Amino acid sequence: MSIAEQKKVAIDSEKIHAFLGKVVGDFGAALSSGLNYIGVKLGLYKTLAQHGPLSSQELASRTGTNERYIREWLINQAAGGYVEYDAQSQKYHLTPEQAEALTNESSPFYIAGGFYVIKAMLQAQSRIGDNFKSGQGMLWGDHDPDLFIGTERFFRPGYTAHLIGTWIPALTGVEEKLKKGAKVADVGCGHGASTLIMAKAYPNSHFVGYDSHPASIEYSRKAAKEAGLSERVSFEVVKAENIPGDKYDLIAFFDCLHDMGDPVGAMKRACDTLAADGSALIVEPMAGNTVEENFNAIGRTFSAASTLCCTPNSLAHKGPALGAVASESALREKVIAGGFKSFKRVTETPFNRIFEARR
Ligand SMILES: C[S@@+](CC[C@H](N)C(=O)[O-])C[C@H]1O[C@@H](n2cnc3c(N)ncnc32)[C@H](O)[C@@H]1O
């Protein structure tokens, strides 16, 4: 007997067809995401953007790939609205908007890093499935390395668009200090994208990025060297709760506080090492204040990432697992427990909430 029969409820035919339609749409999106990753990795979008319109044969020749795979890939991409098809010439091209979002890595609209994140997070699917039963965690560093590349590529466009122009000016007196020459710590810096963006914008200031993941720090050091910033920018493998130094004018946490095993310890250390009139900048994913305020595309995406990555990392450290969709009040509680006197949202974007904490 079906559950509907057991519970004596009727199935509405229209509603079940609408639901199936939605699920089939999700099937297409989920499978295509793997193909979008291949499109970025093999330069298929870039080649189409530079040389389109192209036939499947032309795209295959230009990218050194097999035409049969490319032909199938192109049908999938056109069906999903990622590329355009002209039936008469049987050629494919990208609109200027598709090209900008999928191929221009320095654009604030660049979105393709997300495919690396999805590919990497889904590698952890069976381990996380087992963790649902055991309650165990999974460390950030145990994920597929494309997670670290993808995270930088996914977040950097937002930092490029907003960090210098909007977020820093929203903090109390921080922009002025950075222009004159300030001391800044970027905690949980990952690949150092935010650290380097700030260092380029404020040539009189000194920056140090801290992260507990050694491979990310190694990457950041190389990036600083390549950018010619090594004299004013350094990176160290250190946990947030143990950062060295004192009298920082600004301590920043970009998309990492909710991942941490000991967010209160991290905040305590920030409080102790900030200058008396210094500020902590805490950038967190956009999320609602209630559970139901997350029932949208952003909340769906961030809660999925949180289940596969952010929550397990905190649980691996026996932490409180704030999660990527932590409410403002849950974040405030940890920041205030760390010794800060004030915590307020100073600005936001569709993807991020930007908070300032002061001693
Ligand atoms: C989602 S990534 C964000 C990286 C970077 N801030 C960015 O925006 O691209 C979270 C980072 O926090 C780091 N992290 C997590 N817990 C940490 C801790 N207790 N101390 C230092 N870093 C930590 C991870 O290693 C990872 O690099």
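Residues numbered from 1 in each chain as written. Predicted model: local features only at pLDDT ≥ 70, side-chain atom pairs only at ≥ 80, totals over all residues. Heavy atoms only, no water.

K.L.:
Break down the site of the ligand for me, with residues and values.
P.N.:
By nearness alone, 19 residues border the ligand, and Tyr 159, Gly 188, Asp 211, Ala 240 and Phe 254 come closest of all. Between the ligand and Gly 188, the relevant distance is 2.6 Å, taken from a nitrogen atom to a main-chain nitrogen or oxygen of the residue. Taking Ser 212, its main chain carries an N or O atom lying 3.3 Å from a nitrogen atom of the ligand. Look at the ligand: alone it shows 590 Å² of surface, and the protein chains cover 96% of it. Among the residues forming the shell around the ligand, the class breakdown is eight nonpolar, six polar and five charged. (Near = heavy atom within 4 Å. Polar contact = N/O pair within 3.5 Å; in protein donor to acceptor, adjacent residues only side chain to side chain. Areas by Shrake-Rupley, 256 points an atom, 1.4 Å probe, with all protein chains shown as cover. Nonpolar A, V, L, I, M, F, W, Y, C, P; charged D, E, K, R; others polar.)

K.L.:
A description of the packing of aromatic side chains should follow, citing residues and the corresponding values.
P.N.:
Scanning the model with the defined rule gives 11 aromatic pairs in all. Each ring, one from Phe 155 and one from Tyr 159, has its centre 6.2 Å from the other, and the planes form 15°; the classification is stacked. Here the residue Phe 155 and the residue Tyr 159 both occupy positions in helix α9 (residues 146–167), the gap between them amounting to four residues, near one helical turn. Across the pair, exposure class does not vary: Phe 155 and Tyr 159 are buried alike. A connected cluster of aromatic rings, assembled from ring pairs, spans Phe 154, Phe 155, Tyr 159, Trp 167, Phe 254 and Phe 351. The ring of Tyr 116 is capped by Arg 153, whose NZ or CZ atom sits 4.9 Å from the centre of that ring. The ring of Tyr 248 has Lys 183 sitting right over it, with the charged end atom 5.2 Å from the ring centre. (Phe/Tyr/Trp six-rings, centres within 6.5 Å; stacked < 30°, edge-to-face > 60°. Helix = DSSP H or I, 4+ residues; strand = E, 2+ residues; numbered from the N terminus. Buried < 20%, exposed > 50% of the residue type's maximum accessible area, 1.4 Å probe, protein only. Lys NZ or Arg CZ within 6 Å of the ring centre and 35° of its normal.)

K.L.:
Summarise the domain arrangement of the chain; cite the residues concerned and give the values.
P.N.:
Partitioning the chain into structural domains gives domain 1 (12–102) and domain 2 (117–358). Taking the mean C-alpha position of each, domain 1 and domain 2 sit 33 Å from one another. Counting residues at the interface gives four residues for domain 1, matched by four residues for domain 2. Interface area for domain 1 against domain 2, summed over the two sides, is near 350 Å², with a carbon-plus-sulfur share of 44%. When the buried surface of domain 1 facing domain 2 is broken down by residue, Asp 26, Ser 33 and Tyr 37 rank first, second and third, together holding 80% of it. The tally of links from domain 1 across to domain 2 stands at one salt bridge. Among the salt bridges present, the one from Asp 26 reaches Arg 300, with a minimum N-O distance of 2.8 Å. Applying the counting rule to domain 1 against domain 2 returns two residue pairs in polar contact (both at pLDDT 80 or more). Class assignment of the residues belonging to the side of domain 1 that touches domain 2 gives a composition of one nonpolar, one polar and two charged. (Domains from an automatic or database assignment. Contact = heavy atoms within 4.5 Å. Buried area = accessible area lost by both parts, 1.4 Å probe. Salt bridge = Lys/Arg side-chain N within 4 Å of Asp/Glu carboxyl O.)

K.L.:
Describe the sheet that holds strand β6 (residues 248–254), naming the residues involved and giving the relevant values.
P.N.:
Either a parallel or an antiparallel arrangement is found when strands of a sheet pair, and the pairing is made through backbone hydrogen bonds. Ordered in space as β5-β4-β3-β6-β7-β9-β8, the seven strands form an open sheet in which the pairing is mixed. Among the strands making up the open sheet, the edge pair consists of β5 (233–237) and β8 (342–348). Averaged over all pairs of adjacent strands, the angle between strand axes in this sheet comes to 20°, irrespective of strand direction. Where strand β3 (residues 183–187) and strand β4 (residues 206–211) come together, five bridges link them in parallel fashion. Across the sheet, residue Lys 183 finds its bridge partner in β4, namely His 206. Strand contacts of helix α12 (residues 214–226): β4 and β5, with the helix running at about 170° to β5, the strand carrying the most contacts. Set on the sheet, helix α15 (residues 328–337) makes contact with β7 (274–285), β8 and β9 (352–358); between it and β8 the angle comes to about 135°. (Pairing = 2+ DSSP bridges. Axes fitted to C-alpha atoms, helices over the stretch in contact; angles between N-to-C directions.)

K.L.:
Tell me about the side chain of Ser 327, and please be specific about residues and values.
P.N.:
Turning to its location among the elements, Ser 327 is positioned in the loop between α14 (297–316) and α15. According to the relative accessible area criterion, Ser 327 is buried, its value standing at 17%. Engagement of the side chain of Ser 327 in a polar contact is seen with the side chain of Ser 329, the distance being 3.2 Å. Excluding residues that lie within four positions of it along the chain, Ser 327 makes contacts with Gly 288, Asn 289 and Arg 353.

K.L.:
Let's hear about the pattern of salt bridges: which residues, and what values?
P.N.:
Tallied over the full model, the rule gives 20 salt bridges. Across the pair Glu 152 and Arg 156 runs a salt bridge whose closest N-O atoms are separated by 3.3 Å. Placement of the pair is Glu 152 and Arg 156 together in helix α9, with a separation of four residues, close to one helical turn. The exposure class of Glu 152 is buried, given its relative accessible area of 14%. A network of salt bridges, in which partner residues are shared, links Glu 328, Arg 332, Arg 345 and Glu 348.

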